[in-house]
Amino acid sequence: MSHSQFVSKCTVDALQAAAQTLLEGNLVAFPTETVYGLGADACNADAVARIYSVKGRPTDHPLIVHVGSMDALGDWASDVPEYAISLARDFWPGPMTLIVKRSALAGDFVTGGQDTVGVRVPDHAVALGLLLSFAQIGGKGIAAPSANRFGSVSPTTAQAVEDELSEYLADPDQILDGGPCQVGVESTIIDCTGDVPRILRPGAVTVAMIEGSTGLAVVGNVENAAIRVSGSLDSHYAPVARVVLDQYPVTGQGFIAMEDVATPDGVVRLAAPKTHDEFARVLYAALRTADEQNLQTVVVAQPQGAGIAIAIRDRLKRASWDDLDSKQTIRDGKQ
Ligand code: TXA
Ligand code: MG
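Residues numbered from 1 in each chain as written. Chains lettered and ligands numbered in written order. Predicted model: local features only at pLDDT ≥ 70, side-chain atom pairs only at ≥ 80, totals over all residues. Heavy atoms only, no water.

### Some remarks on the domain arrangement of the protein
Working step 1: Domains assigned within the protein are domain 1 (3–214) and domain 2 (242–331).
Working step 2: Inter-centroid distance (C-alpha atoms) of domain 1 to domain 2 is 26 Å.
Working step 3: Facing the 20 residues of domain 1 at the interface are 13 residues of domain 2.
Working step 4: For the pairing of domain 1 and domain 2, the buried interface totals around 1400 Å² over both sides, and the portion due to carbon and sulfur atoms is 60%.
Working step 5: Linking domain 1 with domain 2 are two salt bridges, by the criterion used here. (Domains from an automatic or database assignment. Contact = heavy atoms within 4.5 Å. Buried area = accessible area lost by both parts, 1.4 Å probe. Salt bridge = Lys/Arg side-chain N within 4 Å of Asp/Glu carboxyl O.)

See the structure below:
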C-alpha cells in the first residue's frame, strides 16, 4: 500500500511544495532525463539516511548531488580541473556526473566517506524546476540515487517508482510524475580527480563527446574498467527474470532486439527499437514488463558498436546471469 503522495501535475506550485517537503527532511522522487531519482536534501544527514534505508543500499555507496546549474559546482567541489569545466559547459544540463574533490559542504553521509563527490545538472524540466525552487528556499543540492531497491532495475516512469518503493515511503514523501525518461540509462560518470578524465560508468555522454570537449584522451577501456561504483557489483540493474545475452530465444521466453530482428514463434517480444537511442530508452521498461508477465527468462540481442550501445551492453552484462552465485548473494541480501 502506498503512503507517499503521487503528484501527477508538476505545476510551479507543486514544485515549490515539493521543494518545501525536501527542506523539511522528507524524500521526493523526481524524473530526470536518464532515470527517476529518489531525492533528499543533500545537507541533511537524517534525510539522506532515509534514502539508504528506503533503497536497502549499503551506506558506503556514495550518492550523486543534483544541482540546478553549473555555478553550484563550486559549492560542492574544492578543486575542479580545467577539463571538467569544459565538460560541464558542453554537457550540462545533461546525462553526465562529474566526480570531483569535495568541499566541506559534502558530508561523509553523502560521499560514503570518500574525499570526492559526484555532481550532476539533470536535463529535465521537472528536475530543474524542483532544483530551482529548492535553491530559492536555501537548498544547496538534492542527493539522489536511482529510485529503485538496491540491485534492481532503475525506474524510467513514476509508476515504476511507485511499484518499487511505495511500501517503504511515508506520507509526506512525494513521487513527482514527469512522464517516461528520454535517455533511459543512467548518466555517464566521469572521474575528474586525475590529469585526464576517466569514465567510471558509460552513458549517453560518450567517449567521443568527452574527447571532443576536452581535447584529452579518455583513460581506460570502459567495458573492462575496474570501477568502484555500486553499479560495478557483479549483479546490478537486474530484473527477477533471468537475463541471457545473444542467444536464440525459444517459446515462452521474452525477447528484446532491434526492430530488424524477427521474433521466433511463441517468443514474447518485449521491445523492438529502431535505433540505439530508442533501445536505451525502452530497455528498463521492457525488463520490468518481463517481471510483470512472470517470464522466467529474457533473451537480449545486444546492440553492437560504440556510442550509447556501450552503456547498454554495460548494463546488460550486469543484469545478466553470467555469474549466478554473486546474483544469488545479492538477491538474498535484499530479500
Ligand atoms: O543518471 C543518474 O546518474 C541517476 C539519476 C537519478 O541522476 N542517478 C544514479 O544514481 O544512477 P545511483 O546512486 O543509482 O548511481 C550513481 C553511481 C553509484 O554507483 C555511486 O557509487 C557512484 O555513482 N558515485 C557517486 N558518487 C561517487 C564518488 N564520489 N566516487 C565514485 N563513485 C561515485
Ligand atoms: Mg542506481
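### A closer look at the side chain of E33
Working step 1: Mapped onto the secondary structure, E33 falls in the loop between β2 (28–30) and β3 (37–41).
Working step 2: A distance of 2.9 Å separates a polar atom in the side chain of E33 from a polar atom in the side chain of R120.
Working step 3: With near-sequence residues (within four places) excluded, E33 lies in contact with G94, P95, R120, P122, D123, H124, C181, Q182, V183 and G184. (Helix = DSSP H or I, 4+ residues; strand = E, 2+ residues; numbered from the N terminus. Polar contact = N/O pair within 3.5 Å; in protein donor to acceptor, adjacent residues only side chain to side chain.)

### Notes on the site of ligand 1
Working step 1: Close contacts around ligand 1 come from 24 residues, with T34, R57, H66, S187 and R201 the closest.
Working step 2: Within the side chain of S146, a nitrogen or oxygen atom sits 2.9 Å from an oxygen atom of ligand 1.
Working step 3: Here an oxygen atom of ligand 1 and a side-chain polar atom of S187 are 2.6 Å apart.
Working step 4: Protein chains shield 97% of the accessible area of ligand 1, which is 670 Å² for the free molecule.
Working step 5: Per-element tally for the shell around ligand 1: the top contributor is strand β7 (residues 116–120), with four residues. (Near = heavy atom within 4 Å. Areas by Shrake-Rupley, 256 points an atom, 1.4 Å probe, with all protein chains shown as cover.)

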